[in-house]
Amino acid sequence: VVSTQSTGITTSTMQAKSLMKSRFLLRAQEASHNAGTAPGFEFINKVTLRGTVQGAPRFRTAQSGRIFGSFTVRTSQNFQRDGQVFTKDTWHKVVAGNERIVEIAKGLSENSGVYVEGVLQTRKSVDAETNQERRITEIFATRVEPV
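Cut-offs applied
- Residues numbered from 1 in each chain as written.
- Predicted model: local features only at pLDDT ≥ 70, side-chain atom pairs only at ≥ 80, totals over all residues.
- Heavy atoms only, no water.
- Buried < 20%, exposed > 50% of the residue type's maximum accessible area, 1.4 Å probe, protein only.
- Helix = DSSP H or I, 4+ residues; strand = E, 2+ residues; numbered from the N terminus.
- Arc of directions from axis to C-beta.
- Contact = heavy atoms within 4.5 Å.
- Polar contact = N/O pair within 3.5 Å; in protein donor to acceptor, adjacent residues only side chain to side chain.
- Phe/Tyr/Trp six-rings, centres within 6.5 Å; stacked < 30°, edge-to-face > 60°.
- Lys NZ or Arg CZ within 6 Å of the ring centre and 35° of its normal.
- Core = buried A, V, L, I, M, F, W, Y, C linked by side-chain atoms within 4.5 Å.
- Pairing = 2+ DSSP bridges.
- Axes fitted to C-alpha atoms, helices over the stretch in contact; angles between N-to-C directions.

## Considerations on helix α2 (residues 99–106)
For an α-helix, 3.6 residues make a turn, and residues three or four places apart therefore share a direction. For α2, every residue scored as buried is listed here: Ile101, Val102 and Ala105. Here the buried residues of α2 occupy an arc of 105° about the axis, which is enough to place them on one side. Against β1 (47–61), β2 (67–81), β3 (84–96) and β5 (133–146) lie the buried residues of α2. Regarding α2, its N-cap is Asn98, as a side-chain oxygen of that residue lies 2.7 Å from the backbone nitrogen of Arg100 further along.

## Considering the packing of aromatic side chains
For any pair of aromatic rings, the description rests on two quantities: the centre-to-centre distance and the angle between the ring planes. Taken as a whole, this structure holds 1 aromatic pair when the rule is applied. Between Phe79 and Phe86, the aromatic rings sit 5.6 Å apart at their centres with planes inclined by 20°, giving stacked as the arrangement. Take Phe79: its relative accessible area is 30%, and that puts it in the partly exposed class. Positioned above the aromatic ring of Phe86 is the side chain of Arg81, whose terminal nitrogen or guanidinium carbon lies 5.9 Å from the ring centre.

## Points about unusual backbone geometry
Positive phi values are uncommon outside glycine, yet Asp82 reaches one of about 55°. Tracing the backbone through its elements, the reader meets Asp82 in the loop between β2 and β3. Owing to a relative accessible area of 76%, Asp82 belongs among the exposed residues under this scheme. Not every positive phi belongs to a glycine, and Asn131 is a case in point at roughly 60°.

## Details of the nonpolar core
Of all hydrophobic cores here, the largest spans 16 residues; its most connected members are Phe71, Val73, Val94, Leu108, Val114, Val116 and Val144. Elements supplying a minimum of two residues to this core: β1, β2, β3, α2, β4 (113–126) and β5. Dropping the residues within four chain positions of it, Val73 is found in contact with Leu49, Gly51, Thr52, Thr90, Trp91, His92, Val94, Val114 and Val116.

## A word on the sheet that holds β3
Here 5 strands make up a closed barrel; going around it, the order is β1-β2-β3-β5-β4 and the pairing mixed. Sheet twist, expressed as the mean angle between neighbouring strand axes with direction ignored, is 45°. Relative to β5, β3 runs parallel, the two being bridged by 2 bridges. In the sheet register, Val95 faces β5, and the bridge partner there is Phe140. Against the sheet, α2 touches β1, β2, β3 and β5, its axis set at about 85° to β5.

## Here's the deal with the pairing of β1
A regular strand places its side chains so that they alternate between the two faces of the sheet. Two strands pair when backbone bridges link them, and β1 and β4 are joined in this way by 6 bridges, in the antiparallel orientation. Paired with Arg50 across the two strands is Tyr115, which belongs to β4. In this sheet, β2 lies alongside β1 in antiparallel orientation, the contact comprising 7 bridges. Within β2, the position partnered with Thr61 by the bridge is Ile67. Adjacent in sequence and paired antiparallel, β1 and β2 are bridged by 5 residues, among which Gly65 carries a positive phi angle near 95°.

## Concerning the environment of Gly51
If you trace the backbone, Gly51 turns up in strand β1. Linking Gly51 and His92, residues 41 residues apart in sequence, is a C-alpha distance of 9.7 Å.

## Considering the pairing of β3
Across 13 bridges, β2 lies against β3 in antiparallel orientation. The residue bridging Thr72 from the neighbouring strand is Lys93, located in β3. Connecting β2 to the antiparallel partner β3 that follows it, the hairpin turn spans 2 residues, and Asp82 within it adopts a positive phi of roughly 55°.

As structure tokens, then:
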């Protein structure tokens, strides 16, 4: 243990106080972020899909030069009602903004199997024809794997 001459406080004591202050600030930040929720409640925004690619993936370059890809994934859910089996299909828009994920998305083709992990996000867009504002919900991919 090394002592500082000016205050007489040991380095380990200063480190402990700094760690306690960091933990306090982290708890305060979490409490502020989770305000209005039950104690111990954490927000989770995670989506996991396994389905088939519908249509060819599309790619565009933003003004910054960053390349984005997007593709649609169809998932199917079977259920039974009155002895008959039904299939419900759902289409999900997936956006790839990470350079590595864009490269993987370039290898996808229509009707190929795909596994996607990501976060759900909603953005606003203005329809060019009607000039009306729309909300678009999409999955921002953090992991994409062909299956």
